[in-house]
Amino acid sequence: METAILARHPQRNGARWSGNPANVEKAMKLIDPIVAFHAELQEIRRDIHAHPELCFEEHRTAEVVARKLEEWGIPVVRGLGGTGVLGIIRNGRSERTIGLRADMDALPVQEINTFAHKSKHSGKMHACGHDGHTAMLLGAARYLAQHRNFDGTVYLIFQPAEEGGGGAKRMMDEGLFEKYPMQAVFGMHNWPGAPVGSFGVTAGPMMASSNEFELTIRGKGSHAAQPYKGIDPIMTAVQIAQGWQTIVSRNCNPVDAAVLSITQIHAGSATNIIPDEARMIGTVRTFSTEVLDLIEQRMRDIASHTAAAFDAQVEFQFHRNYPPLINHPEQTAFAVEVMASVVGAENVDAHVEPTMGAEDFAFMLQEKPGCYVFIGNGDGAHRDGGHGAGPCNLHNPSYDFNDALLPIGATYWVRLAEAWLRVS
Ligand code: NI
């Protein structure tokens, strides 16, 4: 996931769902050979954790992935989308295909954990669990290659640069779906706070679009004691900020969730000078492109008309990073059944609350039907000793992926592929 959710109030953390930890052990139907492979998967995961690499710099990680796949006899495409890796497992004669996607990149965070597998790279850390996502998909790859209880093609997508770099988009731009046609794509992210052995998902919008704006207001500088000789960009900025805050409350349909946050205002350098210029910067989050179009247009109109009223000039830049992540209903129902077969229906919440975080798997879901799910990462107790005493939240410097998830996530991937490519 691209954006930190560091809520102080877990119940307001988005994506809340119920799981029943007491029943998890009983309900869980893990694949034995994957469970037997758990220690090795953990070793791979911790090795990747110790060697984090940022967006499009995942050279070592990609090589670890590609070599493992080759070791298990899986054909590999290297360098797709910069540092992306694609593994291809074919079996039988069916034309059916499925894409399973994991992300590989780390974050520019200084890790404060002190356990043995802590980051060896200063200022870089796997603080979002992409090390675990990579290891879970590797576990599935090994099983699928060795057991082959499916008819069709499994594409294993190891993508770079999820954290703001749009690695999914870059793989697509370099022909991922044209060269390797997939009927559907599936993604998965760990979710701290939700019990181990639980899954959460929802059909339709599940994560928000992420967008940035920057407004420059040009006035006319003057002495602060003679404001009538200038055009005050600060007053203009204040008026625009007020106007913008009416967009969500007065222009958007109240049933459409949206956030417009101004996070920076920069202007001025002294107590006795009215500056020439002011700048306002911030972010907009929405669950649909229509709402986003509306907000961007209203921001533009309010900024230019307000500035005109004050004789100021504005330059408005609006940059769309990631689109909203929208799960396709049919594939979501399919994924829910598979998750229930792995951990029991009572441990799958098929209607989790959407989160305002963003995720570049959204690009893939714009082109292909599919579904993105959350897998519970537990309450943080797995970090026995050596963790930095901070919360086990995504993007927190004392976060760590929970290795107990490895066989659960890998089993989900395998069952999903086997069900999609069912042998008839
Ligand atoms: Ni993430």
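Up top is the structure.
The residue numbering used here restarts from 1 in each chain and proceeds along that chain's sequence as written. Predicted model: local features are reported for residues with pLDDT of at least 70 only, side-chain atom pairs are reported and counted for 80 or more only, and whole-chain, interface and lining totals are derived from all residues. Side-chain measures here rest on the full set of heavy atoms in the structure, leaving out hydrogens and waters.

Peer 1: Mind showing me how you'd approach the nonpolar core here?
Peer 2: The tendency in soluble globular proteins is for nonpolar side chains to be buried side by side. Nonpolar core, defined: a set of buried Ala, Val, Leu, Ile, Met, Phe, Trp, Tyr and Cys residues in which side-chain atoms within 4.5 Å join the residues together. Exposure classes here rest on a 1.4 Å probe applied to the protein chains alone. A residue is buried below 20% of its type maximum, exposed above 50%, and partly exposed in between. Within the largest apolar cluster, 96 residues are counted, with the highest numbers of intra-cluster contacts made by F186 and Y412. Labels follow the DSSP assignment, with helices taken as runs of H or I lasting at least four residues and strands as runs of E lasting at least two, numbered in each case from the N terminus. It is helix α13 (residues 406-420) that provides the largest number of residues to this core, a total of ten residues. In this structure, I217, L292, I302 and A307 belong to the second largest nonpolar core, which totals 25 residues.

Peer 1: Please explain the sheet that holds strand β10 (residues 258-267) as it appears in this structure.
Peer 2: Sheets are built from strands that pair by backbone hydrogen bonding, the pairs being arranged parallel or antiparallel. Two strands are said to pair when DSSP picks up at least two bridges between them. With antiparallel pairing, four strands are arranged side by side in an open sheet as β10-β12-β8-β13. Of all the strands in the sheet, just β10 and β13 (313-322) have a single pairing partner and so form its edges. Taking each pair of neighbouring strands and ignoring which way they run, the sheet shows an average axis angle of 15°. Where strand β8 (residues 209-218) meets strand β12 (residues 277-286), ten bridges bridge the pair, whose relative direction is antiparallel. Its bridge partner being in β12, I217 is matched across the sheet by A278. All axes here are fitted lines through C-alpha atoms, helices being fitted over the stretch that makes contact, and every angle between N-to-C directions spans 0 to 180 degrees.

Peer 1: What exactly am I supposed to notice about unusual backbone geometry here?
Peer 2: The general pattern is negative phi for most residues beyond glycine and trans for most peptide bonds. Here F56, not a glycine, exhibits a phi torsion of approximately 60°, which is positive. Take F56: its relative accessible area is 25%, and that puts it in the partly exposed class.

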